[in-house]
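One-letter residues, chain by chain:
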Protein chains: 2
Amino acid sequence: MATPAPPPPLREVERTARRRSAAEEARTIVAAANLATLATLSRDGHPWGSLVSYGTLPDGSPVLCLSSLAEHGRNLPRDARASLVVAATPGDGDPLDSGRVTLAGTAYVPEGIELENARDAHLAAVPGADAYMGYGDFTIWVLRVERVRWVGGFGRMDSTNAEAYAAAEPDPVAASAPYAVAHLNEDHDDALLDMGRALAGYTDATAARCTGADRYGLDLVVHTPRGRAPVRVEFAAPITVANGLRSATVELARRAQAQLAEVA
Amino acid sequence: MATPAPPPPLREVERTARRRSAAEEARTIVAAANLATLATLSRDGHPWGSLVSYGTLPDGSPVLCLSSLAEHGRNLPRDARASLVVAATPGDGDPLDSGRVTLAGTAYVPEGIELENARDAHLAAVPGADAYMGYGDFTIWVLRVERVRWVGGFGRMDSTNAEAYAAAEPDPVAASAPYAVAHLNEDHDDALLDMGRALAGYTDATAARCTGADRYGLDLVVHTPRGRAPVRVEFAAPITVANGLRSATVELARRAQAQLAEVA
């Protein structure tokens, strides 16, 4: 069953294709969670998976606190190669259609100031670790990330390298985006329609819904008599603060309204 | 900070220690989910973790449907050793204080009637797999379980073997237990108190709360002037049906009431 191609805009607009990179997607998913699955190598070389909690250093390196009584804690001193899989909280649909990332690398035991920083990073993400971190059988490990695989859902995936991962920032608005999307659809469908008509060039749009929000812009679906089309509208500048979605969206709505007034 | 030992019962009661075995816990966790993390071996022997959906054969063997375009789908034909980590949906507390299981084994591609059964098992658990299962790059894999590690939370863990895992049943009341526990605490605290006084021997109990329910019985915490104590009360017979918790709990409450009436 072929899906018809979405209709084109009726007025040429500047393409606003800026989106989070694979490295930014990965950093965003890793920053949002503190629970992951660790893959290590058992004595006989068998891959061994186990649930772990983790914190994150400023460069995105995961910090684990592992007991030498557990299989993963016995595996790493023998062979430090490991992968960490972090899954985004799935939405309502197919859970395989949501984000996850695999960080493959080599674990090491930090020392001195790096150990202090690693311990602080782990405790910041896993406050309960306070209860066992001091025990003699627990060791702090840092995973030096060497290879990153991000999957955003069906058909959205990419690999990235250690340098890009370390240099990227988690999206500061990731946590507030689901609420913002729901709020826009419930209370501001007029503003979304303005954006679809003015900024995306669908001058015949009759309705628009928001399907996603990130630091760079909004994803909309515009409804027209010619069919529906996914469009992207971009903020004036990337958002840099956690509570920045509201003002950036207001700016977008004003810009759309001003353009429509000009035309009329 | 030492925790004082809980007070003993005031009347001797038969110890009712029957609980789910590690194999039953593992089967129960695996049966309740369809999303897991797979650990395989990359070309260079590095452990590689990835998110997968799975179904389950009647003996508990996981059935995967993997694309040869994905790293895990390229890894298994080269080295079929793998582990699958399934995590129970965490409760409100520390997520590391909830159940998970690692199934370590060797994957193989089933044939003939076994392939049909595996395909059906996968589709029953992952209806959306219908959309891609027929594509040429997807292959059905069965994980032959060789080693099982169950962790129930802090201090609750055990290993079990392939035979015990295959022979065990998932707990049929696992899905309804959280609702049943909440309902008992909200509307039937008198019945719980009766159970604590009569069946657990805490004749001086002033209140009782239910903290867990499974096919074999209820976990309670009884409050007494001497302190609190965790107790276990066992059903007359293990529950064998998904909606069996209500009648089994009613029987427990009646038994407790009858005992108290006898004494009075």
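Residues numbered from 1 in each chain as written. Chains lettered and ligands numbered in written order. Predicted model: local features only at pLDDT ≥ 70, side-chain atom pairs only at ≥ 80, totals over all residues. Heavy atoms only, no water.

**Overview of a negative patch on the surface**
Residue and element names in this part refer to chain A. Residues Glu-186, Asp-187, Asp-189 and Asp-190 make up a contiguous surface patch of negative charge. When contributions to the negative patch are tallied by element, the ones reaching two or more residues are α5 (177-187) and α6 (189-198). With respect to the helices and strands, the residue Asp-187 is situated in helix α5. According to the relative accessible area criterion, Asp-187 is partly exposed, its value standing at 47%. (Patch = residues over 30% accessible without salt bridge, like charges linked within 9 Å, V, L, I, M, F, W, Y side chains within 5 Å. Areas by Shrake-Rupley, 256 points an atom, 1.4 Å probe, with all protein chains shown as cover. Salt bridge = Lys/Arg side-chain N within 4 Å of Asp/Glu carboxyl O. Lys, Arg positive; Asp, Glu negative; His and termini not counted. Charge placed at Lys NZ, Arg CZ, Asp CG, Glu CD. Helix = DSSP H or I, 4+ residues; strand = E, 2+ residues; numbered from the N terminus. Buried < 20%, exposed > 50% of the residue type's maximum accessible area, 1.4 Å probe, protein only.)

**Section: helix α1 (residues 22-32) of chain B**
Residues and elements named next belong to chain B. Along α1, nine of the eleven residues are buried, which leaves the element largely enclosed by surrounding structure. Listing the buried residues of α1 in full gives Ala-22, Ala-23, Glu-24, Glu-25, Ala-26, Arg-27, Thr-28, Ile-29 and Val-30. Elements that come into contact with the buried residues of α1 comprise β2 (47-56), β4 (81-87), β5 (100-108), β6 (138-153), β7 (156-161) and α4 (162-167). (Contact = heavy atoms within 4.5 Å.)

**Some remarks on the relation of the copies chain B and chain A**
The transform that puts chain B on chain A rotates by 180 degrees and translates by 0.0 Å along the axis, for an RMSD of 0.0 Å. Overall, the copies show the geometry of a two-fold rotation axis. Taken together, the interface assignments show that 100% of the residues at the interface of chain B recur at the interface of chain A, consistent with an identical surface on both copies. (Least-squares fit on C-alpha atoms with pLDDT ≥ 70 in both.)

**Concerning the pattern of salt bridges**
All names here are of chain A. Evaluation of the coordinates by the stated rule reveals 24 salt bridges over all chains. Of the charged contacts in the structure, one is a salt bridge between Asp-79 and Arg-81, with a shortest N-O distance of 3.0 Å. Look at Asp-79 and you get partly exposed, because its relative accessible area is 23%. Taking the relative accessible area as the measure of exposure, Arg-81 reaches 27% and is therefore partly exposed.

**Regarding the sheet that holds strand β9 (residues 217-224) of chain A**
All names here are of chain A. Here we have three strands laid out as an open sheet, ordered β8-β9-β10, and antiparallel in their pairing. Where the open sheet ends on each side, the last strands, each with one partner, are β8 (207-214) and β10 (227-234). In this sheet, neighbouring strand axes are inclined to one another by 20 degrees on average, regardless of whether the strands run parallel or antiparallel. The sheet contact formed by β8 and β9 spans seven bridges and is antiparallel. Following the sheet pairing, Cys-210 is matched in β9 by Leu-220. (Pairing = 2+ DSSP bridges. Axes fitted to C-alpha atoms, helices over the stretch in contact; angles between N-to-C directions.)

**Some remarks on the interface of chain B and chain A**
Listed as interface residues are 36 residues of chain B and, on the opposing side, 36 residues of chain A. Interface area for chain B against chain A, summed over the two sides, is near 2700 Å², with a carbon-plus-sulfur share of 66%. Here Glu71(A) makes a salt bridge to Arg147(B), at a shortest N to O gap of 2.7 Å. At the junction of chain B and chain A, the tally comes to 13 residue pairs in polar contact (both at pLDDT 80 or more). Contributions of two or more residues to the side of chain B that touches chain A are made by β1 (35-41), β2, β4, β5 and β6 of chain B. No other element matches β2(B), which puts seven residues into the side of chain B that touches chain A. (Buried area = accessible area lost by both parts, 1.4 Å probe. Polar contact = N/O pair within 3.5 Å; in protein donor to acceptor, adjacent residues only side chain to side chain.)

**Let's talk about the sheet that holds strand β9 (residues 217-224) of chain B**
Residues and elements named next belong to chain B. Sheet architecture is open: three strands sit in the order β8-β9-β10, paired in antiparallel fashion. The sheet terminates laterally at β8 (207-214) and β10 (227-234), the two strands that pair on one side only. Strand-to-strand, the axes of this sheet are offset by a mean angle of 20 degrees, without reference to chain direction. As paired elements, β9 and β10 share eight bridges and run antiparallel to each other. The residue of β10 that forms the bridge with Leu-220 is Val-231. Most of the contacts of helix α7 (residues 245-263) go to β10, to which it runs at about 115 degrees, and overall it touches β8, β9 and β10.

**Topic: the packing of helix α6 (residues 189-198) of chain B against α7(B)**
Between two packed helices, both the angle of their axes relative to each other and the distance between the axes serve to describe the pair. Residue and element names in this part refer to chain B. Their axes nearest at 8 Å, the elements α6 and α7 cross at an angle of 55 degrees. With respect to α7, the axis of α6 lies oblique. Pair α6 / α7 crosses with left-handed handedness. Taken together, the residues of α7 that come into contact with α6 (itself represented by Ala-191, Asp-194, Met-195, Arg-197 and Ala-198) are Thr-249, Leu-252, Ala-253, Ala-256, Gln-257, Gln-259 and Leu-260. Residue composition of the contact of α6 with α7, grouped by class: seven nonpolar, three polar and two charged. (Parallel < 35°, antiparallel > 145°, perpendicular 65-115°, else oblique. Left-handed = near helix turned anticlockwise from the far one by under 90°. Nonpolar A, V, L, I, M, F, W, Y, C, P; charged D, E, K, R; others polar.)

**Overview of α6(A)**
Residue and element names in this part refer to chain A. Of all ten residues making up α6, seven are buried, and the element is well covered by its neighbours. Within the span of α6, buried status applies to Ala-191, Leu-192, Leu-193, Asp-194, Met-195, Gly-196 and Ala-198. Where α6 is buried, its residues meet α5, β8, β9, β10 and α7 (245-263).

**Structural notes on the packing of aromatic side chains**
Residues and elements named next belong to chain A. A complete count under the given rule lists two aromatic pairs over all chains for this structure. Each ring, one from Tyr-132 and one from Phe-138, has its centre 4.8 Å from the other, and the planes form 40 degrees; the classification is tilted. If you follow Arg-27 out to its NZ or CZ, it ends over the ring of Tyr-165, 5.4 Å from the centre. (Phe/Tyr/Trp six-rings, centres within 6.5 Å; stacked < 30°, edge-to-face > 60°. Lys NZ or Arg CZ within 6 Å of the ring centre and 35° of its normal.)

**Thoughts on the confidence of the model for chain A**
The pLDDT averaged across chain A works out to 93; a share of 97% of its residues lies at or above 70. Listed scores for the predicted complex are pTM 0.91 and ipTM 0.89. (pLDDT = per-residue confidence, 0-100.)

**Points about the pairing of strand β3 (residues 62-67) of chain A**
All names here are of chain A. For β3, the buried fraction is high: six of the six residues fall into the buried class. What you see with β3 is no split at all: Pro-62, Leu-64 and Leu-66 on one side and Val-63, Cys-65 and Ser-67 on the other are buried throughout. The hairpin formed by strand β2 (residues 47-56) and β3 contains five residues between the paired strands, and Gly-60 there has a positive phi angle of roughly 90 degrees.

**Section: the side chain of Ser61(A)**
Residues and elements named next belong to chain A. Its location among the elements puts Ser-61 in the loop between β2 and β3. Taking relative accessible area as the criterion, Ser-61 reaches 9% and is therefore assigned buried. In this structure, Ser-61 is in contact with Gly-55, Thr-56, Val-142, Leu-143 and Tyr-165, ignoring residues within four places of it in sequence.

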